[in-house]
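Each chain is listed here by its residues.
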Amino acid sequence: MKLRADQLEGHLRQGLRSLYLVTGDEPLIVGEILDALRAAAREQDYLTREVYVAERGFDWNEVTAASASMSLFSERKVIDLRLPTGKPGDKGSKAIAALAESVPDDTMVIISAPKLEGSAMSSRWVKAIDKAGVVLRVWPLEAKDLPGWIVARMAQQGLTAERDAVLHLARRVEGNLLAAQQEIDKLALLHDGTELTVADMEEAVSDSTRFTVFLLADEVISGRVQRAVRMLGGLRREGVVPVLVLWALGREIRQLAAMREAMDDGESFASLASRYRIWNNRQAMYQHCLHRLGASQLHSLVDDAERCDQAAKGQSGDDPWQLLLSMTVTLATGRRAMQAA
C-alpha cells in the first residue's frame, strides 16, 4: 500500500506493518518519518536494530542471513536497510523482493532511499514492497503550500505570526524545509509566545548577530579553537543571549552525533553529506571534525547542550557561558575543557 507523509500518524495508530519503504529528497521529512517508525517499533518491543548500507560492493547475503536468523533472546528486531543511490542492482532487487515475500514474525524491515523515479517505482522490488508492506513517498512541498506548513510547524512550538511575517520567512528559506525548521526552532527560543510581526521575523532571520553565530559554528567545526574562543567572548560582550549561541552550536552537535552514529553503522560520509545537504566546500571540515570526535564524545556534548539550555533558562545554577566555552573547546579540539569565559 502507498501512503503520504501526512497519513503516517493515523496509520501508526492502527498498528505497524512488517515492511516499509521511505523514499524522497526532503531530508527533514524523510528523517522524521524514519524516526517515527523506529519509535513506534520500540514501543512494540522491537528492541534490536541492525543497520545495513547498500553501497557499491555490498554483500546482499548479509541482509538475507539477518532476516533468517532468530535472536538468541527472542527479541524482536528492526532491519534498517539504506539505499544511498536508490539502485540496489539485480542482486539487491532479488534479495529485497524475496525478503518482502517472507519477513519473519519477529522482524520489521525499514528501507530508505532517495527519490525514486518512475521506472524505479515500477521495478520488481518496489512492487513487492507495495504488495506486502507500505511505500511512503515524500513529495517536495509546493511553494503555495509552504506558508501553511510554516504555520503548522510554528503552532507545534506554541508560536503564532502575522500572515506577512509567515510569508517573509517562506521567501527567506526558498523552499528548504530544513532551513525553515531551524529558523522556527530558533524563534521558539527567542520569543515569549506573543504573535510574531514582520519586524520580529526580519530581526530573527537576517541580523548580523545570527551571521556571526554561524561563523562561530564554522570555526568550531574547523578546529580553529583560538578564533572560536575569541568570537564566543566577543558575542558575550556584545550582549548576545546565550540561547542564540546554543541554538547554532546545539544543532551542529546533534547533526554531528547522528552522522557519527551512521558512520559507525557503516554509512559512508559521501552518503551522509548528500543526505544532510553539506556543500562541497564545507565537507572537508565536517570530515575532520567527525574524525576528531567519537560517538561517546558527541553524545556527551548533546548532554552538555541540554544542561546549557536549562542554565540559559534559569532552571539550574550553572553558568551557560561557561558551558558554551566548554562545548566550544571540546568540539574544536576533541578534549574536554572548562575555563573562565
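Anything mentioned here points back to the structure above.
Described in the following lines is the structure provided in the data block. Quick caveat: nothing in here was measured; it's all calculated off a predicted structure. (Residues numbered from 1 in each chain as written. Predicted model: local features only at pLDDT ≥ 70, side-chain atom pairs only at ≥ 80, totals over all residues. Heavy atoms only, no water.)

1. Side note on the overall build of the protein chain
Step number 1: Counting secondary structure elements, the protein chain contains 17 helices and six strands.
Step number 2: Against the globule reference of 20 Å for 341 residues, the protein chain gives a C-alpha radius of gyration of 22 Å, in line with a compact fold.
Step number 3: With respect to the three principal axes, the spread of C-alpha positions in the protein chain is 65 × 45 × 35 Å.
Step number 4: Expressed as a percentage of the 341 residues in the protein chain, the buried residues total 48%.
Step number 5: Taking the contacts inside the protein chain whose residues are at least 6 apart along the sequence as the reference set, 74% of them involve residues at least 24 apart.
Step number 6: By element, 48% of the accessible surface of the protein chain is carried by carbon and sulfur atoms, the whole surface being about 17,200 Å².
Step number 7: Charge centroids of the protein chain, computed over 42 positive and 47 negative side chains, lie 5 Å from each other. (Helix = DSSP H or I, 4+ residues; strand = E, 2+ residues; numbered from the N terminus. Rg over C-alpha atoms; globule rule 2.2 N^0.38 Å. Buried < 20%, exposed > 50% of the residue type's maximum accessible area, 1.4 Å probe, protein only. Contact = heavy atoms within 4.5 Å. Areas by Shrake-Rupley, 256 points an atom, 1.4 Å probe, with all protein chains shown as cover. Lys, Arg positive; Asp, Glu negative; His and termini not counted. Charge placed at Lys NZ, Arg CZ, Asp CG, Glu CD.)

2. Focus on helix 17 (residues 320–333)
Every α-helical turn comprises 3.6 residues, leaving residues that sit three or four positions apart pointing alike.
Step number 1: Between its first and last C-alpha atoms helix 17 spans 20 Å; for 14 residues at 1.5 Å apiece the expected length is 20 Å, and the two agree.
Step number 2: For helix 17, the buried fraction is high: 13 of the 14 residues fall into the buried class.
Step number 3: Backbone nitrogen of Trp 321 and a side-chain oxygen of the N-cap are separated by 3.0 Å at the start of helix 17; the cap is Asp 319.
Step number 4: Within two residues after helix 17, Gly 334 carries a phi angle of roughly 85°, on the positive side. (Expected span 1.5 Å × (residues − 1). Polar contact = N/O pair within 3.5 Å; in protein donor to acceptor, adjacent residues only side chain to side chain.)

3. With respect to the environment of Ile 184
Step number 1: With respect to the helices and strands, Ile 184 occurs in helix 9 (residues 177–190).
Step number 2: The exposure class assigned to Ile 184 is buried, which follows from its relative accessible area of 0%.
Step number 3: Measuring from C-alpha to C-alpha, the distance between Ile 184 and Leu 169 comes to 9.3 Å, with 15 residues separating the pair along the chain.
Step number 4: Leave out the neighbours within four places in its chain, and Ile 184 touches Ile 150, Arg 153, Met 154, Gln 157, Leu 159 and Leu 169.

4. Side note on helix 9
Step number 1: Look at helix 9: 20 Å from first C-alpha to last across 14 residues, which is about the 20 Å you get at 1.5 Å a residue.
Step number 2: For helix 9, the complete set of buried residues consists of Leu 177, Ala 180, Gln 181, Glu 183, Ile 184, Lys 186 and Leu 187.
Step number 3: Its side-chain oxygen at 3.1 Å from the backbone nitrogen of Leu 178, Asn 176 defines the N-terminal cap of helix 9.

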